[in-house]
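# A look at the structure
Okay, here's what each chain looks like letter by letter:
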Amino acid sequence: MEVFVQQLINGLTLGSIYGLIAIGYTMVFGIIGMVNFAHGDVFMVSTFIALVTLLIVTTWIGISSVVIALFIVLVVAMTLTSLVNWAIERLAYRPLRGSFRLAPLISAIGMSIFLSNFVQVAQGPRNKSVPPLVQGEFILMDGGVYQVTLSYKQLIVWAVTAILLAAFWYVVSRTALGRSQRACEQDQKMAALLGVDVDRTISITFVMGAALAAVAGTMYLMYYGVVNFNDGFVPGVKAFTAAVLGGIGSLPGAVIGGLLIGLIETMWSAYFSIDYKDVAAFAILAVTLIFLPQGILGRPDVEKV
Amino acid sequence: MPEISTTSTGPQFGPVFKDAAATAAISFLMFLPLIGFITVQDIRNVLVLDTRWTLLFILVALITAGRLAYTLVLLPRSARRAHRAPAPASPIVAAIGRWFTPFVVGFVIVYPILIMGLVPGGALKWVDNFGIQILIYVMLGLGLNIVVGLAGLLDLGYVAFYAVGAYSYALLAKTFGFSFYMLLPLAGCLAAFWGIILGFPVLRLRGDYLAIVTLAFGEIIRLVLVNWVDLTNGYAGISGIPRPTFFGIPFNANDDGFAAVFGLPFTPIYRTIFLYYLILALVLLTAFVTIRLRRLPVGRAWEALREDEIACRSLGINTTSTKLTAFSIGAMFGGFAGSFFAARQGFISPETFNFLESATIVAIVVLGGMGSQIGVAVAAVAMVGGTEILRELDWLKDIFGQEFDPGQYRMLLFGFAMVIIMVFKPRGLVSTREPSVALTERKMISAGMVKEGHG
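Below is a summary of the structure that appears in this document. Every value quoted in this text rests on a predicted model; they were computed, and no experiment measured them.

## Some words on the overall build of chain B
Of the regular secondary structure elements, chain B holds 17 helices and eight strands. Counting across all 455 residues of chain B, residues that qualify as buried make up 49%. Expressed as a percentage of contacts within chain B between residues at least 6 apart in sequence, the contacts between residues at least 24 apart total 69%. For chain B, the exposed area adds up to about 21600 Å²; of that, 68% sits on carbon and sulfur atoms.

## Quick word on the packing of helix 9 (residues 233-246) of chain A against helix 10 (residues 251-271) of chain A
All names here are of chain A. Two elements in contact, helix 9 and helix 10, have axes separated by 7 Å at closest approach and are oriented at 120 degrees. One element, helix 9, and the other, helix 10, form an angle in the oblique class. As for how helix 9 packs across helix 10, the hand of that crossing is right-handed. From helix 9, K238, T241, A242, L245 and G246 reach across to helix 10, where they touch G253, A254, G257, G258, L260, I261 and E265. Each residue belonging to the contact of helix 9 with helix 10 can be placed in one class, and the counts come to five nonpolar, five polar and two charged.

## Overview of the pattern of salt bridges
Using the criterion set out here, one finds 15 salt bridges over all chains in the structure. In this structure, D19(B) engages R67(B) in a salt bridge whose closest nitrogen and oxygen atoms are separated by 2.9 Å. Of this pair, D19(B) sits in helix 1 (residues 13-36) while R67(B) is found in helix 2 (residues 53-83), placing the two residues 48 residues apart along the sequence. You can call R67(B) buried: its relative accessible area is 18%. Across the pair R344(B) and D128(B) runs a salt bridge whose closest N-O atoms are separated by 3.4 Å. Taken together, the residues R344(B) in helix 13 (residues 319-345) and D128(B) in helix 4 (residues 123-150) connect sequence positions 216 residues apart. Exposure remark for D128(B): the relative accessible area of 23% places this residue in the partly exposed category. Shared partners join several salt bridges into a network, and the residues in it are E89(A), R94(A), R97(A) and D199(A).

## Some details on the environment of S203(A)
Residues and elements named next belong to chain A. Residue position: S203 is located in helix 8 (residues 198-224). What S203 contacts, discounting residues up to four positions off in sequence, is W86, E89 and R94. Within the structure, the side chain of S203 is placed 3.2 Å from the side chain of E89, a separation counted as a polar contact.

## Re the pairing of strand 2 (residues 137-142) of chain A
All names here are of chain A. Pairing of strand 2 with strand 3 (residues 147-151), which is carried by five bridges, proceeds in the antiparallel orientation. Bridge pairing links D142 to Q147 in strand 3. Linkage of strand 2 to strand 3, two consecutive antiparallel strands, is achieved through a turn of four residues, within which G144 is found at a positive phi near 85 degrees.

## Some words on the nonpolar core
Core analysis: the largest hydrophobic core is formed by 225 residues, its most contacted members being F37(A) and I348(B). Among the elements that make up this core, the one with the highest residue count is helix 4 of chain B (17 residues). Each of domain 1 (6-78) and domain 2 (114-449) of chain B accounts for three or more of the residues forming this core. Ignoring any residue separated from it by four or fewer positions in sequence, one finds I348(B) in contact with A166(B), Y167(B), A170(B), G237(B), I238(B), I241(B), F341(B), A342(B) and F353(B).

## Let's talk about unusual backbone geometry
Only a minority of non-glycine residues have a phi that is not negative, and only a minority of peptide bonds are not trans. All names here are of chain B. Although it is not a glycine, N233 sits at a positive phi angle of roughly 65 degrees. For N233, the location among the structural elements is in the loop between helix 8 (229-232) and strand 5 (238-239). You can call N233 partly exposed: its relative accessible area is 39%.

How each quantity is defined
- Residues numbered from 1 in each chain as written.
- Chains lettered and ligands numbered in written order.
- Predicted model: local features only at pLDDT ≥ 70, side-chain atom pairs only at ≥ 80, totals over all residues.
- Heavy atoms only, no water.
- Helix = DSSP H or I, 4+ residues; strand = E, 2+ residues; numbered from the N terminus.
- Buried < 20%, exposed > 50% of the residue type's maximum accessible area, 1.4 Å probe, protein only.
- Contact = heavy atoms within 4.5 Å.
- Areas by Shrake-Rupley, 256 points an atom, 1.4 Å probe, with all protein chains shown as cover.
- Axes fitted to C-alpha atoms, helices over the stretch in contact; angles between N-to-C directions.
- Parallel < 35°, antiparallel > 145°, perpendicular 65-115°, else oblique.
- Left-handed = near helix turned anticlockwise from the far one by under 90°.
- Nonpolar A, V, L, I, M, F, W, Y, C, P; charged D, E, K, R; others polar.
- Salt bridge = Lys/Arg side-chain N within 4 Å of Asp/Glu carboxyl O.
- Polar contact = N/O pair within 3.5 Å; in protein donor to acceptor, adjacent residues only side chain to side chain.
- Pairing = 2+ DSSP bridges.
- Core = buried A, V, L, I, M, F, W, Y, C linked by side-chain atoms within 4.5 Å.
- Domains from an automatic or database assignment.

Here it is in structure tokens:
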């Protein structure tokens, strides 16, 4: 029982991170029907931006308050990662709009290879670790041998994720910007005829996806304390799995899918085999796509001639 | 970066410089954290920051200059070109087009002899790293071309079949001592078998979904190879794989070795040249089989499937079995390439068969202009040969200092090239196709008129 509760807590934390990345996939797929393969690497770039900012804030400027430091890191990482993703969309995807169907996917794969190797060349291939920022924990259950704990950093991950998801949900469902996004998702040509700037809306979608990926990146850095240039691919695929599982194109689906994937991964590692935990994620991806391609919350896709 | 309006009098300089300034500002901010700073570990193993302002400013200046050149020179030129009608193909170009394929085949046949004559000392490296290495990728590209180029199914996990072929050869040859020539077809069959197993559930998916599921399968096979240590020896890989023999005569320095039997002095180059011709024969076989298959009903069904799946189904083509044949025949050639690879290296480990490898093969097929065989060869030379060349550029060390390692930039440039080629030539390098069926006369079809498949 204690083990289960503990894994539940760990899984929800990991799942929040996956959920944040998954939103980037699901939004881009919803609006331009493209699997943004480089999104996992954008997440990885954001962890490095967060790492550099954190080092500047703590060692150069010397801010000792963890809350202020984290806030600055979060804002800087969100801004700069958004800028990077905006530039990627302008350079690598926008010229391909209206080109043949596989072109953006190939371009995104190239961008993914480029980003991870760029970080490897620029920052070196080694693991980069920082001392833990936030320490301390609540003890929820004490079963004698095994204590169930909820650490402060897990609480921070939950809180930040919840706040940003709420803000994001507000933007998408209550503002003019969100309305034009949903319009583009349904019918780009019609939206353009009705005065929606489609290119700008797509750019903003990429920016928002990157900003949420940067939140995930900052949380990842704070939670694990280690980043590596290679950390984009596997979390990226898992987040994509989450997006597919929740129903691609559906925003609440992405979050639910992320939480589910996080839970499945931690439970699998705890009860079955830690070696095969990535196999579990990939297998879920394959099984979902084959048997439930519309996901949990997605609409079934009608085939048109 | 606002759009630049170019009038007939030339670009206006105000917006151009505003644009350049914006480029400079954006690239400065983008590269500030990752280029401007570098995280290094100090003596106490704590991460600290170093700055690289010079590098940052050089990079920003280069990007701004590139953007300026683009807006001032390239944009007006392409705007002018858009008004002009496309020039008709000159007879010289047409002649080159006709003789190109025979010339390439002739060239690759004499290549090792040519190299031995030109660089007697370094011939081994040139035949091995460039010849064999590129031909393996041509073979993989041709195999995947059946799946992606002809049947229009994007397979991002093709490397799984390459791995199946390699591990089949390695394990069977080491355990039972079967010869290469016996295991080569067997490895191909096993890979085709796996193609059917993996293909069966996924082939009702379309487009991007199919791509992602094949990616997942590719990764699952790699992870199983990593974790099933009893069978595959995990990360450590399998070493001491028997090398192919010259029809029973081994390539070694013994009395019954190749050199001794033919009365030649022993050098390792004989084996390399033999392997070169072996893979060349496999490549030509693959190309020949593909050309013949395109003429068969099944090949026509593949291409019809690529163009329009729904039309195919309404014409009574069984799409599942059509897709399965494409998938398994493609997988079979991947298996051949895999067992050749294991025999050539003598050592395999799961890390060879990662996603990057699949992406490379897909890149070769797509950049070659999907469906074009000569395009696959050109793209393989450009992408694999081009990145191999980077390993040779040691003279760059004299300019940039000793710690500069051009090999580091291999994959960086590879990814960059993929994006650039997609942006400027999304139809690939060789983007015309000969129709496989023609009523009266054959015309080359420009890629713009060919629809892609819906996998």
